[in-house]
Amino acid sequence: MWQITFRELKDRKWSLLAYCLGSLLLLWIYAATFKSSQASAQQLLEVVKGYPKGFLDAFGLNNLASNSIEVYLNAKHFSFIWPLLAIILALSRAGSQFAGEIQAGTMGLLLALPLKRWQIFIAKYATGLLTIVVFTLISVFGIIPLASAYDIPTHFHVLVGAWVLTTLFMGTVYAVSVVVSAWVSDKGRVYAIVSAVLMLTYVANIIALLDDKLSGLKYYSLFYYFNTAEVLDTGHITTRSLAVFGLTIVIATVVAAWRFSRRDISV
Amino acid sequence: MLAAIQVKRVTKSFGAKRALDNVTLTVPEGHIFGFLGPNGAGKTTMIRCLMDYMRVSHGAISILGRDARTESAALKREIGYLSSDMQLHPNWSARTHLNFMGGIEGRGRTAELVRKFNLDLKPKVRDLSSGNKQKLAIILAFVGNPKLLIMDEPTRGLDPLLQNQLYDLLRDFAAQGGTVFLSSHNLAEVQQLCDNVAVIREGKVVAAEAMTDILQLRVHLVNAVAAKVIDQADFKLKDVEVIGGSGKNISLKVRGKIDPVIKALAKYNLTDLEVTHAALEDVFMEYYQN
């Protein structure tokens, strides 16, 4: 069964490498520009001090007074670009692993093997999880050598917290995408459905932050629990975030495995 | 004789449509079993149910004495499968396919078959011709020394020489006790290869018999030439159809017993008479059309 995991990792190593290098390249840019940005932070603080708190929270501008590289990374990287990269990687993996293989017909080869459906599911799911772990490790801890090259101190416990949160966030996007991928037979539909859901939850979080009357909407958004501002400032992850991400991953994984094991596959 | 495959009252529905309707079949061990039917009749659905790619709505399938649903994983160690539209990984080479499948199931006769089919293992699948892709798919079906081969149109894309090689391979496999369940649109192929045959039409099995029985019992073609003009009205008999001829010639298709036609022909002074069993194609056209 692990031959499937090994083979998938081998087949997709170049795209994973590209994502990791892209992420490292961005971290390098942020490390290189950190010191010069500190000088202009005060000016920026003056500009945004009249803005609503919700707006600052939504766009990661709430900790500009802090002078750590981690807070700078939150404002520049983890509040928008990183989630985008993570969502694209997790969604594309989930879509191609199940619905994509059914659509291409190559799932037929796997189903002809003397393996139970759930074993095939676990083998493929493990590939996705390993991809996520490798990507988050590199895209979070990659800042340590890059920052040290510019004599910028990093805070390991903060980065550990950030790694846990980013891994949980990406794992949640992946698990939810796998549910859809195990349900349909067309990866385009997986991308469309999951993108629409994520877009809605993102908009819900923004609306909740900007309008107090609708603040309850935030609880329905994945992005509310992905609170990188706090984690990259203090290293602390709220129990609520851990519970929501953890439960979503477990429930989505069980539902996806159940669906994949029971469905008809026309290949 | 033991049954390699036993299908009991299997129904498979997709919403209101029944792709398989109360199908019952027995495939004897050590035989080559042909499964025929027009497009959309339910052949591929039946094969997908055998392979547990699809789950039956009602009924039961047992393969080599085991339940095809609950023991599917263990059974696949003993089943070699070739689908009608086997999609291989375009970026893998033939060698990668064999290593991957063989690594899980065991290599079996693959090295011997690679030599027999003269398949180059190095190129990526996307660079292989359709014939070579089909060769690879056939070799993959033999990965792990199967006892049962389930093949959906196995000769598609193969040239006549390779078709004959495959026929020999399947006959040899059956002679050594293996069982072959194959669907095909090539009726001549089924006629020369199969010991038993079943015909499926609109999800129902309309015939399942030994090949010799199905050919001998069903349809005869009669061509007669008489010394005088033949009156076609003499042949307006039950299950007899005039399909050609004029004047002193007549061609008849006879379903069932041939005796009444011979009696009708006896009234004429015949100068030539030819009675042949209908080709499998004629037999199946009867099933398809009626």
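Note that this is a predicted model, so its numbers are computed, not measured. (Residues numbered from 1 in each chain as written. Chains lettered and ligands numbered in written order. Predicted model: local features only at pLDDT ≥ 70, side-chain atom pairs only at ≥ 80, totals over all residues. Heavy atoms only, no water.)

(A) Spatial organisation of the packing of helix H5 (residues 81–104) of chain A against helix H7 (residues 117–141) of chain A. Residues and elements named next belong to chain A. Running from N to C, H5 and H7 cross one another at 165°; their axes reach a closest spacing of 11 Å. By the criterion of interaxial angle, the relationship of H5 to H7 is roughly antiparallel. H5 and H7 meet at a crossing whose hand is right-handed. Contacts between H5 and H7 involve Trp-82, Leu-85, Ala-86, Leu-89, Arg-93, Gln-97, Phe-98 and Glu-101 from the former and Phe-121, Lys-124, Tyr-125, Thr-127, Gly-128, Thr-131, Phe-135, Thr-136 and Ser-139 from the latter. (Axes fitted to C-alpha atoms, helices over the stretch in contact; angles between N-to-C directions. Helix = DSSP H or I, 4+ residues; strand = E, 2+ residues; numbered from the N terminus. Parallel < 35°, antiparallel > 145°, perpendicular 65-115°, else oblique. Left-handed = near helix turned anticlockwise from the far one by under 90°. Contact = heavy atoms within 4.5 Å.)

(B) Main features of the nonpolar core. With 152 residues, the main nonpolar core has Phe-135 of chain A together with Leu-170 and Phe-181 of chain B as its most contacted residues. In terms of residue count, the dominant contributor to this core is helix H9 (residues 156–183) of chain A (14 residues). Excluding anything up to four places from it in sequence, Phe-181 of chain B contacts Ile-5, Leu-25, Val-27, Phe-33, Phe-35, Ile-47, Leu-50, Leu-149, Ile-150 and Met-151 of chain B. (Core = buried A, V, L, I, M, F, W, Y, C linked by side-chain atoms within 4.5 Å. Buried < 20%, exposed > 50% of the residue type's maximum accessible area, 1.4 Å probe, protein only.)

(C) Looking closely at the packing of aromatic side chains. Scanning the entire structure with this criterion turns up 26 aromatic pairs over all chains. Relative to Tyr-174 of chain A, the ring of Tyr-125 of chain A lies with its centre 5.2 Å away and its plane at 50°, an arrangement referred to as tilted. Within this pair, whereas Tyr-125 of chain A is found in helix H7, its partner Tyr-174 of chain A is found in helix H9, the two being separated by 49 residues in sequence. The exposure class assigned to Tyr-174 of chain A is buried, which follows from its relative accessible area of 0%. Measuring from ring centre to ring centre gives 4.2 Å for Phe-169 of chain A and Phe-226 of chain A, while their planes differ by 25°; the resulting arrangement is stacked. Taken as a pair, Phe-169 of chain A in helix H9 and Phe-226 of chain A in the loop between helix H11 (222–225) and helix H12 (228–234) lie far apart in primary sequence, 57 residues in all. The residues Phe-169 of chain A and Phe-226 of chain A share a single accessibility class, namely buried. These aromatic residues form a ring-pair network of at least three members: Tyr-19, Phe-78, Trp-82, Phe-135, Phe-169, Tyr-202, Phe-223, Phe-226 and Phe-245 of chain A. Over the ring of Trp-92 of chain B we find Arg-7 of chain A, and its NZ or CZ is 5.0 Å from the ring centre. Positioned over the ring face of Phe-98 of chain A is Lys-124 of chain A, at 6.0 Å from the centre of the ring. (Phe/Tyr/Trp six-rings, centres within 6.5 Å; stacked < 30°, edge-to-face > 60°. Lys NZ or Arg CZ within 6 Å of the ring centre and 35° of its normal.)

(D) A look at the side chain of Ser-84 of chain B. Here Ser-84 of chain B is to be found in the loop between strand E6 (79–82) and helix H3 (94–105). For Ser-84 of chain B, the contacting residues outside a window of four places in its chain are Asp-152 and Arg-156 of chain B.

(E) Molecular detail of a positive patch on the surface. Residues Lys-10 and Lys-13 of chain A together with Lys-124 and Arg-126 of chain B make up a contiguous surface patch of positive charge. Residue class for Lys-10 of chain A comes out partly exposed when judged on its relative accessible area of 38%. (Patch = residues over 30% accessible without salt bridge, like charges linked within 9 Å, V, L, I, M, F, W, Y side chains within 5 Å. Areas by Shrake-Rupley, 256 points an atom, 1.4 Å probe, with all protein chains shown as cover. Salt bridge = Lys/Arg side-chain N within 4 Å of Asp/Glu carboxyl O. Lys, Arg positive; Asp, Glu negative; His and termini not counted. Charge placed at Lys NZ, Arg CZ, Asp CG, Glu CD.)

(F) Representation of the pairing of strand E13 (residues 249–255) of chain B in the model. All names here are of chain B. Most of E13 sits inside the fold, with 5 of its 7 residues counted as buried. Sheet topology note: the strand E12 (residues 240–244)/E13 ladder contains 4 bridges and is antiparallel. Within E13, the residue paired with Glu-241 across the bridge is Lys-253. Two successive antiparallel strands, E12 and E13, enclose a turn made up of 4 residues, where Gly-245 displays a positive phi of approximately 95°. (Pairing = 2+ DSSP bridges.)

(G) Structural detail: the sheet that holds strand E11 (residues 219–226) of chain B. Residue and element names in this part refer to chain B. One open sheet accounts for 4 strands, arranged E12-E13-E11-E14; its pairing is antiparallel. Each having just a single partner strand, E12 and strand E14 (270–277) make up the two edges of the open sheet. Within this sheet the neighbouring strands show an average axis-to-axis angle of 25°, counted without direction. Bridge count for E11 against E13 is 7 bridges, and the pairing is antiparallel. In the sheet register, Val-225 faces E13, and the bridge partner there is Asn-249.

(H) Structural detail: helix H10 (residues 187–210) of chain A. Compared with the 34 Å implied by 1.5 Å per residue over 24 residues, the 35 Å span of H10 of chain A between its first and last C-alpha is a close match. Capping of H10 of chain A at its N-terminal end is provided by Asp-186 of chain A; its side-chain oxygen lies 2.9 Å from the backbone amide nitrogen of Gly-188 of chain A. (Expected span 1.5 Å × (residues − 1). Polar contact = N/O pair within 3.5 Å; in protein donor to acceptor, adjacent residues only side chain to side chain.)

(I) Region of the structure containing empty space enclosed by the protein. Summed over the entire model, instances satisfying the criterion amount to 1 cavity of 30 Å³ or more. Each pocket or cavity is described by its volume, and for the largest cavity that value is around 70 Å³. As for the largest cavity, its lining consists of Leu-109 and Ala-112 of chain A together with Ile-79, Gly-80, Tyr-81, Met-86, Met-101, Glu-105, Leu-140, Ala-141 and Val-143 of chain B. Of all the secondary-structure elements, those providing two or more residues to the lining of the largest cavity are E6, H3 and helix H5 (130–141) of chain B. Here the lining of the largest cavity takes 3 residues from E6 of chain B, the largest share from any one element. Residues of the lining of the largest cavity, tallied by class, amount to 9 nonpolar, 1 polar and 1 charged. (1 Å grid on protein atoms, 1.4 Å probe; cavity = no way out; pocket = protein on both sides within 12 Å on 5 of 7 lines; lining within 4 Å. Points joined across faces, edges and corners; volume = space filled by probe spheres on them. Nonpolar A, V, L, I, M, F, W, Y, C, P; charged D, E, K, R; others polar.)

(J) Representation of the sheet that holds strand E7 (residues 148–152) of chain B in the model. Residues and elements named next belong to chain B. Pairing is mixed across the open sheet formed by 6 strands, whose spatial order is E6-E7-E8-E3-E9-E10. Edge positions in the open sheet fall to E6 and strand E10 (204–210), since each of these has one partner strand only. Put simply, the sheet's adjacent strands are angled 15° from each other on average, direction ignored. Of the pairings in the sheet, the one linking E6 to E7 comprises 4 bridges and is parallel in character. Pairing of Leu-82 across the sheet is with Met-151, part of E7. Relative to E7, helix H1 (residues 43–50) is tilted by about 150°, and along the sheet it contacts strand E3 (32–36), E6, E7, strand E8 (179–183) and strand E9 (196–201).

(K) Structural context of the packing of helix H4 (residues 69–78) of chain A against H5 of chain A. Residues and elements named next belong to chain A. Running from N to C, H4 and H5 point in directions that differ by 55°, and their axes come no closer than 6 Å. The angle between H4 and H5 places the two elements in the oblique class. Residues Lys-76, His-77 and Phe-78 of H4 touch H5, and the partners they reach there are Ile-81, Trp-82 and Pro-83. A breakdown of the residues in the contact of H4 with H5 according to their chemical character gives 4 nonpolar, 1 polar and 1 charged.

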